[in-house]
Amino acid sequence: MSDAKPEIWFYHLERSTLDQVLPGLLEKTRERGWRAIVRAESSGLLDDLDEHLWTWRDESFLAHGRSSEPEPGRQPILLTESLENPNGAQALFIVDGAELGDTKGFDRCFIIFDGRDEASLTGARARWKTLKAANANLAYWKQSPEGRWEKAA
């Protein structure tokens, strides 16, 4: 974990769903040797993600656990509603409009929002404005018409 300001990357979902995008981002995170936290406001969404990460591809799965289960600190990917970082994650994934909280200790934070949902879009814009005013290290990613991720800001 780093003491420097983390990179905060906004991912604007327009052509794909969270279920389609999140596993790939988590897989790339694990390939870097990083641990991850996925933070959501809804325990129902965490239930859905918990099931999906075990079955997202026929040939692989993403090992993970819930913060409410025993030994959350041992999990490479931790699903939680909490602001804590018990597994020493380097990557933080914010979904479902969850609170960003203190980013100290993270190398990268991903704020994933659904651009087809007006409340999600408005919340992301407000969050961007607040973080920009705080001089955060920001990047904005959107999907090309072909579905590739392109850095737009």
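As shown above, the structure is provided for reference.
What you see is a predicted model, and the numbers here were worked out from it, not measured in a lab.

Quick look at the overall build of the protein
Line of reasoning, step 1. On a plain count of helices and strands, the protein comes out with three helices and eight strands.
Line of reasoning, step 2. Sequence-ordered secondary structure for the protein, helices as α and strands as β, is β-α-β-α-β-β-β-β-α-β-β.
Line of reasoning, step 3. The C-alpha extent of the protein, read off along each of the three principal axes, is 40 × 35 × 30 Å.
Line of reasoning, step 4. Within the protein, the proportion of its 153 residues that are buried is 44%.
Line of reasoning, step 5. Partitioning the intrachain contacts of the protein with sequence separation of at least 6 by distance along the chain shows that 64% fall at a separation of at least 24.
Line of reasoning, step 6. Carbon and sulfur atoms provide 46% of the accessible area of the protein, an area that totals close to 8,200 Å².
Line of reasoning, step 7. Where the 20 positive side-chain charges of the protein centre and where its 26 negative ones centre are 8 Å apart.

Considering the pattern of salt bridges
Pairing between side chains of opposite charge can happen when their charged atoms approach one another.
Line of reasoning, step 1. Counted by the stated rule, this structure contains nine salt bridges.
Line of reasoning, step 2. Close ionic contact of Arg15 with Glu14 constitutes a salt bridge, the shortest N to O distance being 3.8 Å.
Line of reasoning, step 3. Among the salt bridges present, the one from Arg116 reaches Asp114, with a minimum N-O distance of 2.9 Å.
Line of reasoning, step 4. Under the relative-accessibility criterion, Arg116 is labelled partly exposed at 46%.

Description of the pairing of strand S6 (residues 108-114)
Line of reasoning, step 1. In terms of burial, S6 is largely enclosed, as six of its seven residues are buried.
Line of reasoning, step 2. Bridge count for strand S1 (residues 7-13) against S6 is seven bridges, and the pairing is parallel. Residue pairing across strands places Leu13 opposite Asp114, the latter belonging to S6.
Line of reasoning, step 3. Inspection of the sheet shows strand S5 (residues 91-94) paired to S6 by four bridges, in the parallel sense. The partner of Ala91 across the bridge, within S6, is Arg108.

A word on the packing of helix H1 (residues 18-31) against helix H2 (residues 43-55)
A pair of packed helices can be characterised by two numbers: the angle between their axes and the separation between those axes.
Line of reasoning, step 1. The contact between H1 and H2 brings their axes to 11 Å, and the two run at 60°. Classified by the interaxial angle, the pair formed by H1 and H2 is oblique. Note on packing geometry: the crossing formed by H1 with H2 is right-handed. Judged by residue contacts, Leu18, Asp19, Leu22, Pro23 and Leu26 of H1 engage Leu45, Leu49, His52 and Leu53 from H2.
Line of reasoning, step 2. Partitioned by chemical class, the residues of the contact of H1 with H2 number seven nonpolar, one polar and one charged.

Some words on H2
Given 3.6 residues per turn, any residue in an α-helix points the same way as the ones three and four places further on.
Line of reasoning, step 1. For H2, built from 13 residues, the straight-helix expectation of 18 Å at 1.5 Å per residue is met to within 8% by its first-to-last C-alpha distance of 19 Å.
Line of reasoning, step 2. Of the positions making up H2, those classed as buried are Leu45, Leu46, Leu49, Asp50 and Leu53. For H2, the angular spread of the buried residues around the axis is 145°, confining them to a single face. Every exposed residue of H2 that faces more than 90 degrees away from the buried side is listed here: Asp48, Glu51 and Thr55.

Overview of the nonpolar core
Line of reasoning, step 1. Among the nonpolar cores identified, the biggest contains 27 residues, and Leu26, Val38, Phe93 and Ile112 are the most heavily contacted of them.
Line of reasoning, step 2. Of all the secondary-structure elements, those providing two or more residues to this core are S1, H1, strand S2 (36-39), H2, strand S4 (77-80), S5, S6 and strand S7 (137-143).
Line of reasoning, step 3. In terms of residue count, the dominant contributor to this core is H1 (five residues).
Line of reasoning, step 4. With near-sequence residues (within four places) excluded, Ile112 lies in contact with Tyr11, Leu13, Leu18, Leu22, Leu25, Phe93, Ile94 and Val95.
Line of reasoning, step 5. Counting 17 residues, the second largest nonpolar core, distinct from the first, contains Ile37, Leu92, Phe106 and Leu138.

Quick notes on the rules
Residues numbered from 1 in each chain as written. Predicted model: local features only at pLDDT ≥ 70, side-chain atom pairs only at ≥ 80, totals over all residues. Heavy atoms only, no water. Helix = DSSP H or I, 4+ residues; strand = E, 2+ residues; numbered from the N terminus. Buried < 20%, exposed > 50% of the residue type's maximum accessible area, 1.4 Å probe, protein only. Contact = heavy atoms within 4.5 Å. Areas by Shrake-Rupley, 256 points an atom, 1.4 Å probe, with all protein chains shown as cover. Lys, Arg positive; Asp, Glu negative; His and termini not counted. Charge placed at Lys NZ, Arg CZ, Asp CG, Glu CD. Salt bridge = Lys/Arg side-chain N within 4 Å of Asp/Glu carboxyl O. Pairing = 2+ DSSP bridges. Axes fitted to C-alpha atoms, helices over the stretch in contact; angles between N-to-C directions. Parallel < 35°, antiparallel > 145°, perpendicular 65-115°, else oblique. Left-handed = near helix turned anticlockwise from the far one by under 90°. Nonpolar A, V, L, I, M, F, W, Y, C, P; charged D, E, K, R; others polar. Expected span 1.5 Å × (residues − 1). Arc of directions from axis to C-beta. Core = buried A, V, L, I, M, F, W, Y, C linked by side-chain atoms within 4.5 Å.

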